[in-house]
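If you want the building blocks of each chain, they are given just below.
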Amino acid sequence: MASDMTTGECAWQHDVLDVIDARSSTRKFAEVEVTDEQRQAVLHAASRAPSAGAMMMYSIIDIRQQETLDRLSVLCDNQPFIAKAPWALVFVVDYCKWIDLFEHVGCLSEEFAAEHGCEPRSTCGLGDLAIAAQDAIIAAQNAVIAAEAVGLGSCYIGDIVESAEEVAELLGLPAHTIPLSMVVLGVPHKERPATPHPVENLVMSERYRRADAATMDAQVAEMDAMFRPHATEAGARVTDIYTRKHTSAFMAEMNRSMECWLRNWRGEGLNADA
């Protein structure tokens, strides 16, 4: 939003808002090459994302080779459309490069600790993860919106955190990293309608508020109308999420792998007995 400093009037940049409003996940891609200009625009937008202290606590693995896409389609809960995407970006929460930099410039030496009155710390914890994860996901969303703006469709792949040991080997991920999200991109096979997004029980004023029965009834009705309009039982969308996602085998694997990734983040190794 641009503003006139003399009058205080604002001029909304509707094009950006339109792109956000129209975006929908793409799972089928046309057999059209992604241009270098499109790639550069998407990666530049990712690099322009807000970052805590401008530390850029993420790395982007740019994947174009078919064999890697094929393997990822299997490791990410067996989703064939991943292999048919011409491009993928893995957004890695990355503190490894900062540990390397600290060592490179001498921060981890006993002499540095004595001079600056601090303790050497060559690992990272959950506080570091909290801010690094925000960096990575903001960058990913910048990339997704930029992709839409330059004619590319995209789909987030949260399943990249599954199969931790094999993904780590495939992508060469060291300690103090977590592949938090992946985005597959390409020219959409056809125009997609915008995906509906529920808004009940979403924005809360001033503090967190647990929903009362009336609010939850409204939330259930909204979701049923959007996603299960022909269902005969109220709450069909909620029970669908519970059975297909919350209690699914892939979620059990995701939870197991995230325990591995948290150990990897702390530098303890992916395996519990490492």
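Preceding block: the structure.
Presented here is an overview of the structure given in this document. It should be emphasised that the depicted structure is a prediction, and the values quoted were computed from it without experimental measurement.

**A few points about the pairing of strand β4 (residues 87-94)**
Of all eight residues making up β4, eight are buried, and the element is well covered by its neighbours. Taking every second residue as pointing to the same face, both faces of β4 are buried, with Trp 87, Leu 89, Phe 91 and Val 93 on one and Ala 88, Val 90, Val 92 and Asp 94 on the other. Here six bridges tie strand β3 (residues 58-63) to β4, and the two strands are oriented antiparallel to one another. Counted as the bridge partner of Ile 60 is Phe 91 from β4.

**As for the sheet that holds strand β6 (residues 177-186)**
As a general point, the strands of a sheet are linked pairwise by backbone hydrogen bonds and lie either parallel or antiparallel. One open sheet accounts for four strands, arranged β3-β4-β6-β5; its pairing is antiparallel. Whereas interior strands pair on both sides, the edge strands pair on one side only; in this sheet they are β3 and β5 (153-157). Looking at each pair of strands side by side, their axes are set apart by 25° on average, direction ignored. By the bridge criterion, five bridges tie β5 to β6 in an arrangement that is antiparallel. Each bridged residue has a counterpart across the sheet, and for Cys 155 the counterpart in β6 is Val 184.

**What about unusual backbone geometry?**
Positioned with a positive phi, Asp 77 is a non-glycine residue whose angle comes to about 65°. Positionally, Asp 77 belongs in the loop between α3 (66-75) and α4 (80-84). Note on Asp 77: relative accessible area 31%, which makes it partly exposed. The phi torsion at Glu 206 lies on the positive side, around 70°, for a residue other than glycine. If you trace the backbone, Glu 206 turns up in the loop between β6 and α9 (213-227).

**Let's talk about the pattern of salt bridges**
Enumeration according to the criterion identifies eight salt bridges in this entry. With a shortest N-O distance of 3.0 Å, Asp 128 and Arg 121 are connected by a salt bridge. Residue classification places Arg 121 among the partly exposed positions, given a relative accessible area of 44%. The closest approach of N and O atoms between Glu 253 and Arg 256, which form a salt bridge, is 2.9 Å. Of this pair, Glu 253 and Arg 256 both sit in helix α11 (residues 249-266), three residues apart, roughly one helical turn. Among the charged side chains, a network of salt bridges with common partners joins Glu 165, Glu 253 and Arg 256.

**Quick word on the layout of surface pockets**
In this structure, the largest pocket spans a volume of roughly 940 Å³. In terms of lining residues, the largest pocket is bounded by 27 residues, among which Ser 25, Arg 27, Cys 155, Thr 195 and Lys 245 are the most central. For the lining of the largest pocket, the secondary structure elements donating two or more residues are α1 (14-22), α7 (126-149), β5, α10 (236-246) and α11. When residues in the lining of the largest pocket are grouped by element, the largest group, four residues, is from α10. Its residues assigned to classes, the lining of the largest pocket shows 12 nonpolar, seven polar and eight charged. One number sums up the size of the second largest pocket: a volume of about 160 Å³.

**A word on the environment of Cys 260**
Among the secondary structure elements, Cys 260 is positioned in helix α11. Ignoring any residue separated from it by four or fewer positions in sequence, one finds Cys 260 in contact with Ala 164, Glu 165, Gly 269 and Leu 270.

Cut-offs and rules
Residues numbered from 1 in each chain as written. Predicted model: local features only at pLDDT ≥ 70, side-chain atom pairs only at ≥ 80, totals over all residues. Heavy atoms only, no water. Buried < 20%, exposed > 50% of the residue type's maximum accessible area, 1.4 Å probe, protein only. Helix = DSSP H or I, 4+ residues; strand = E, 2+ residues; numbered from the N terminus. Pairing = 2+ DSSP bridges. Axes fitted to C-alpha atoms, helices over the stretch in contact; angles between N-to-C directions. Salt bridge = Lys/Arg side-chain N within 4 Å of Asp/Glu carboxyl O. 1 Å grid on protein atoms, 1.4 Å probe; cavity = no way out; pocket = protein on both sides within 12 Å on 5 of 7 lines; lining within 4 Å. Points joined across faces, edges and corners; volume = space filled by probe spheres on them. Nonpolar A, V, L, I, M, F, W, Y, C, P; charged D, E, K, R; others polar. Contact = heavy atoms within 4.5 Å.

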